[in-house]
Amino acid sequence: MGSDLTKYLRVEKLPHIWCAGCGHGIVTQAIVRAIDELGLDPAKVTIVSGIGCSSRAPGYMNFDTLHTTHGRAIAFATGVKLARPELKVIVITGDGDAAAIGGNHLIHAARRNIDLTVVCYNNSIYGMTSGQYSPVTPLGSFASTAPYGMVERPFDLCELVMGAGGTFVARSTTYHARHLTNVIKQAIQHKGFSFVDALSQCPTYFGRRNNMKDALAMLNWYKENAVSRDDWAKMPPAERGSKFPIGVFRDEEAPEYCETYRKVIEKAMEEVGAK
Amino acid sequence: MEESRSRLYQGNEACVEGAIAAGMRFFAGYPITPSTEIAELCSVRLPQVGGTFIQMEDEIASMAAVCGASLAGLKAMTATSGPGFSLKQENIGFAAEAEIPCVIVNVQRVGPSTGMPTSPAQGDLMQARWGRHGDQEIVVLSPAYVDEVYSLTIEAFNIAEELRTPVILLMDEVVGHLREKVTLPKPGDLVIKDRKKPVPGSRYLPYAPGEGEDGDVPPLAAFGDGFRFHVTGLTHGPDGFPTNSPSVGEPQIKRINSKISSRREKLCKAEELFTEDADILVVSFGSSARSAKKAVKDLRAVGVKVGLLRLITLWPFPEHVIQRIAAGKLKAVIVPEMNLGQLAREVRRCLDGRAPVIGVNRVAGKLIEPADVIRAVQEVK
Ligand code: SF4
């Protein structure tokens, strides 16, 4: 047992709204554990979320917390971070929230390299609205709006964020809870835009429709299909099948937006003699 | 030698200078005609005073960033026009529900849809009031002169801060692009209001009404101040956490409405000219009111008993002012506006049949001229 994490939770707001077996509690615990292990001052951590099952997490977390509109968490968080760059700003979002309605904010925050940590609770389904397909629902999977199987090609969110210029990008799963905590820790420590694709089971709406009868079956699926980044690289494409890589895919240094803008302020103030 | 306090400002420029004088230190925007100069000027001026400008990826993100910055303690503003105003509505509603002080400028252009981007209109009067889902009162101010743009932008921030609410500054292309003289107030004459903050160390209930005057507006802490509070667009209780209980939700929704509606008389500003003895009243706002004023003066010069009511506060609607003036005997009320009768409809509602309401309307970018108003008055006589 690690240290007591309940001080980071609003225990009086429990029980949470999530279904039995939902992965979101595991991801939330990983975030809180990462904050604890990093020894962050809870008064200087702000958690921002959008709309969806995952986005209800901040309500249970004892920090400054902001539950915004659907898809817009990263844009709200950008305002918070720019106004008070000394705060650690963590965005909790889901795959629909971050990659469909909020996709524009995700890529532009990555491009700016603003120091936000985005943790995407990725269950490849819209859970809150009871199981419609999302931009990451695998081809052929079933959803309430894909009754004949998903026909759209999915996003690989890590590839998407790397393509947009994100400087820290990682993936883990709720089966790999310790690994997940570690990559979230690295993401929070990273200066610049960091993104963690946290695969999280939705037994209620994804599992049941896709031959995984409960949370355990889904966790087992993660266990059997996740491969480390290095093994993945060595794996011949023909053998990959339903497997997917986990680990840190990118960890690079680049000028951080708030710091760069701080220099703009200094220059402008100097020019008008306000300094 | 004392520095001159006179400036020749464009309307959009006066808005930026007024905002900075009011304490704005954050602006997020997106380019759109005819409000773009506001964003451009903020990008120059804000860093000079230690503030932050950002051009976001879209209109929705701009409004979101403004809410975030305000919650982190800065006075924040965005500016847009027609299509962008439509896009921002959801997050303006969030600001109303979550009681986040902020200012939204809409430099109106011709609609519907893309309309005529470089031409003036006043077609967003009703959208400003009703553009969001759910019940919410909103404060909307509308300047007609460049110096008024300056003072009303300050006023907009003051109201936003005092009432913890979004305030809309509804300009139009004419006022936004016109250049006129502005006399800056002396530093000591400037009245600047700041949001109430909770007492450090106290138990903070961010949505709990308190006692006394303005007790219906709870104090607002900033993220990072150590209060660790929760903000949501879900209907919430005094502690800020979501509720499904009608008995908790209803007082919250009613309070965010009544904190504005109960201050109607205090919030409503208007200019009146010859209204005491008028038997014909002209009601207008924004740039149309400039033509209306000229028409009223010209008609008075030839002995026509006409008066002007220029609305500066559009919402909450100054129905008490209109009803007071209508208590005299009005033969007719003329309403010049660059839309198809949005203000006239509201005036008609307030008069409740006491006098006929006649519209003078233009909708495709052509300005209302004094002669148009004079003609309408003469047709009544
Ligand atoms: S619907 Fe799915 S994602 Fe939502 S709480 Fe239930 S299991 Fe979790």
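Residues numbered from 1 in each chain as written. Chains lettered and ligands numbered in written order. Predicted model: local features only at pLDDT ≥ 70, side-chain atom pairs only at ≥ 80, totals over all residues. Heavy atoms only, no water.

> Account for the overall build of chain A, naming residues and giving values.
Assigned secondary structure in chain A consists of 11 helices and 8 strands. Over its C-alpha atoms chain A spans a radius of gyration of 19 Å, differing by no more than 12% from the 19 Å that the globule rule assigns to 275 residues. Each principal axis of the C-alpha atoms in chain A carries an extent, and together these give about 65 × 45 × 35 Å. Here chain A holds 275 residues, and the buried ones make up 58% of them. Partitioning the contacts of chain A with sequence separation of at least 6, the portion at a separation of at least 24 is 67%. (Helix = DSSP H or I, 4+ residues; strand = E, 2+ residues; numbered from the N terminus. Rg over C-alpha atoms; globule rule 2.2 N^0.38 Å. Buried < 20%, exposed > 50% of the residue type's maximum accessible area, 1.4 Å probe, protein only. Contact = heavy atoms within 4.5 Å.)

> Pulling in residues and values, what's your account of the site of the ligand?
Residues and elements named next belong to chain A. Neighbouring residues of the ligand: Trp18, Cys19, Cys22, His24, Cys53, Asn123, Gly127, Cys202, Pro203, Thr204 and Tyr205. In terms of residues, the shell around the ligand owes the most to one element, helix 7 (residues 203-207), which gives 3 residues. Residues that form the shell around the ligand fall into these classes: 7 nonpolar, 4 polar and no charged. (Near = heavy atom within 4 Å. Nonpolar A, V, L, I, M, F, W, Y, C, P; charged D, E, K, R; others polar.)

> Quick one: what's the story with the interface of chain A and chain B, residue by residue and with numbers?
Listed as interface residues are 41 residues of chain A and, on the opposing side, 42 residues of chain B. In this assembly, chain A packs against chain B so that about 3,300 Å² is buried in total across both faces, 60% of it on carbon and sulfur atoms. When the area that chain A buries against chain B is broken down by residue, the three leading residues are Asp64, His67 and Phe76 of chain A, summing to 16%. A salt bridge links Lys13 of chain A to Asp239 of chain B, with the shortest nitrogen-to-oxygen separation between them at 2.9 Å. (Buried area = accessible area lost by both parts, 1.4 Å probe. Salt bridge = Lys/Arg side-chain N within 4 Å of Asp/Glu carboxyl O.)

> Describe helix 2 (residues 73-83) of chain A, with residues and values.
Each α-helix turn comprises 3.6 residues. Residues three or four places apart therefore point the same way. Burial of helix 2 of chain A is extensive: 11 of the 11 residues sit out of reach of the surface. Every buried residue belonging to helix 2 of chain A is among Ala73, Ile74, Ala75, Phe76, Ala77, Thr78, Gly79, Val80, Lys81, Leu82 and Ala83 of chain A, and all of these are buried.

> Give a description of the sheet that holds strand 16 (residues 357-361) of chain B that names residues and reports values.
Residues and elements named next belong to chain B. What the 5 strands build is an open sheet, ordered 11-13-12-15-16; its pairing is mixed. With partners counted over all chains shown, the strands left at the sheet margins are strand 11 (270-273) and strand 16, one partner each. Neighbour to neighbour, the strand axes of the sheet diverge by 20° on average, direction disregarded. Strand direction decides the pairing type here: strand 15 (residues 332-337) and strand 16, joined by 5 bridges, are parallel. Bridge assignment links Pro336 to a residue of strand 16, and that residue is Val360. Set on the sheet, helix 12 (residues 342-351) makes contact with strand 12 (280-285), strand 13 (306-311), strand 15 and strand 16; between it and strand 15 the angle comes to about 155°. (Pairing = 2+ DSSP bridges. Axes fitted to C-alpha atoms, helices over the stretch in contact; angles between N-to-C directions.)

> Can you lay out the packing of aromatic side chains for me, pointing to particular residues and giving the numbers?
This structure, assessed with the given rule, holds 11 aromatic pairs over all chains. On the numbers, 5.8 Å between centres and 25° between planes, the contact of Trp221 of chain A with Phe244 of chain A is stacked. Here Phe244 of chain A lies in strand 8 (residues 244-251) and Trp221 of chain A lies in helix 8 (residues 215-225), a separation of 23 residues in the sequence. Trp221 of chain A gets classed as partly exposed once you look at its relative accessible area, which sits at 32%. Note on Phe244 of chain A: relative accessible area 10%, which makes it buried. Three or more aromatic residues link up through ring pairs in this structure, and these residues are Tyr204, Phe223, Phe227 and Phe229 of chain B. Between Arg240 of chain A and the ring centre of Trp232 of chain A, over which it is positioned, the NZ or CZ distance is 4.2 Å. (Phe/Tyr/Trp six-rings, centres within 6.5 Å; stacked < 30°, edge-to-face > 60°. Lys NZ or Arg CZ within 6 Å of the ring centre and 35° of its normal.)

> For the side chain of Glu57 of chain B, give the residues involved together with the corresponding values.
With respect to the helices and strands, the residue Glu57 of chain B is situated in the loop between strand 3 (52-55) and helix 3 (59-71). On the basis of relative accessibility, which here comes to 9%, the residue Glu57 of chain B falls in the buried class. Here Arg112 of chain A takes part through its side chain, which lies 2.6 Å from a polar atom of the side chain of Glu57 of chain B. The residues contacting Glu57 of chain B, other than those within four sequence positions of it, are Asn104, His105, His108 and Arg112 of chain A together with Tyr30 of chain B. (Polar contact = N/O pair within 3.5 Å; in protein donor to acceptor, adjacent residues only side chain to side chain.)

> Got a sec to walk through the pairing of strand 2 (residues 64-67) of chain A? Specific residues and values, please.
Burial of the side chains of strand 2 of chain A extends over both faces: Asp64 and Leu66 of chain A are buried on one face and Thr65 and His67 of chain A on the other. Pairing geometry for strand 1 (residues 45-49) of chain A and strand 2 of chain A, over 4 bridges, is parallel. Residue pairing in the sheet places Ser49 of chain A in a bridge with His67 of chain A of strand 2 of chain A. Of the pairings in the sheet, the one linking strand 2 of chain A to strand 10 (residues 230-232) of chain B comprises 3 bridges and is parallel in character. Each bridged residue has a counterpart across the sheet, and for His67 of chain A the counterpart in strand 10 of chain B is Thr232 of chain B.

> Mind laying out the domain arrangement of chain B, listing which residues take part and the relevant values?
All names here are of chain B. The domain boundaries assigned to chain B delineate domain 1 (6-183) and domain 2 (269-380). Computed from C-alpha coordinates alone, the two centres of domain 1 and domain 2 are separated by 26 Å. Contacts between the two partners involve 30 residues from domain 1, matched on the other side by 25 residues from domain 2. Between domain 1 and domain 2, a total of about 2,200 Å² is buried, with carbon and sulfur atoms accounting for 59% of that surface. Counting every contact that joins domain 1 to domain 2 gives 2 salt bridges. The partner of Arg310 in a salt bridge is Glu148, with the nearest N and O atoms 2.7 Å apart. At the boundary of domain 1 with domain 2, the tally comes to 15 residue pairs in polar contact (both at pLDDT 80 or more). Contributing elements (two or more residues each) for the side of domain 1 that touches domain 2: strand 6 (116-120), helix 5 (125-130), strand 7 (139-141), helix 6 (146-163), strand 8 (166-172) and helix 7 (173-177). Tallying contributions element by element places helix 5 first for the side of domain 1 that touches domain 2, with 4 residues. Classifying every residue of the side of domain 1 that touches domain 2 by side-chain character gives 19 nonpolar, 4 polar and 7 charged. (Domains from an automatic or database assignment.)

> Outline the confidence of the model for chain B, listing residues and values.
Should the pLDDT be low somewhere, the predicted coordinates at that spot are not to be read in detail. Of all residues in chain B, 99% have pLDDT values of 70 or greater, and the mean over the chain is 97. For this predicted complex, the interface confidence score (ipTM) comes to 0.97, while the overall pTM stands at 0.98. (pLDDT = per-residue confidence, 0-100.)

> Can you lay out the environment of Gln48 of chain B for me, pointing to particular residues and giving the numbers?
By secondary structure assignment, the location of Gln48 of chain B is in helix 2 (residues 36-48). Other than its neighbours up to four places away in sequence, Gln48 of chain B contacts Ala268, Met269, Val272 and Ala274 of chain A. Here Arg45 of chain B takes part through its side chain, which lies 2.8 Å from a polar atom of the side chain of Gln48 of chain B.

> Can you tell me about unusual backbone geometry, naming the residues and giving the values?
Residue Pro15 of chain A is reached from Leu14 of chain A by a cis peptide bond, and omega for that bond is 5°. In this model, Trp315 of chain B is joined to Pro316 of chain B through a cis peptide bond whose omega is 0°. Relative to the elements of secondary structure, Pro316 of chain B occurs in the loop between strand 14 (313-315) and helix 11 (319-326). Located in the positive-phi region is Glu99 of chain B, a residue other than glycine, with phi close to 55°.

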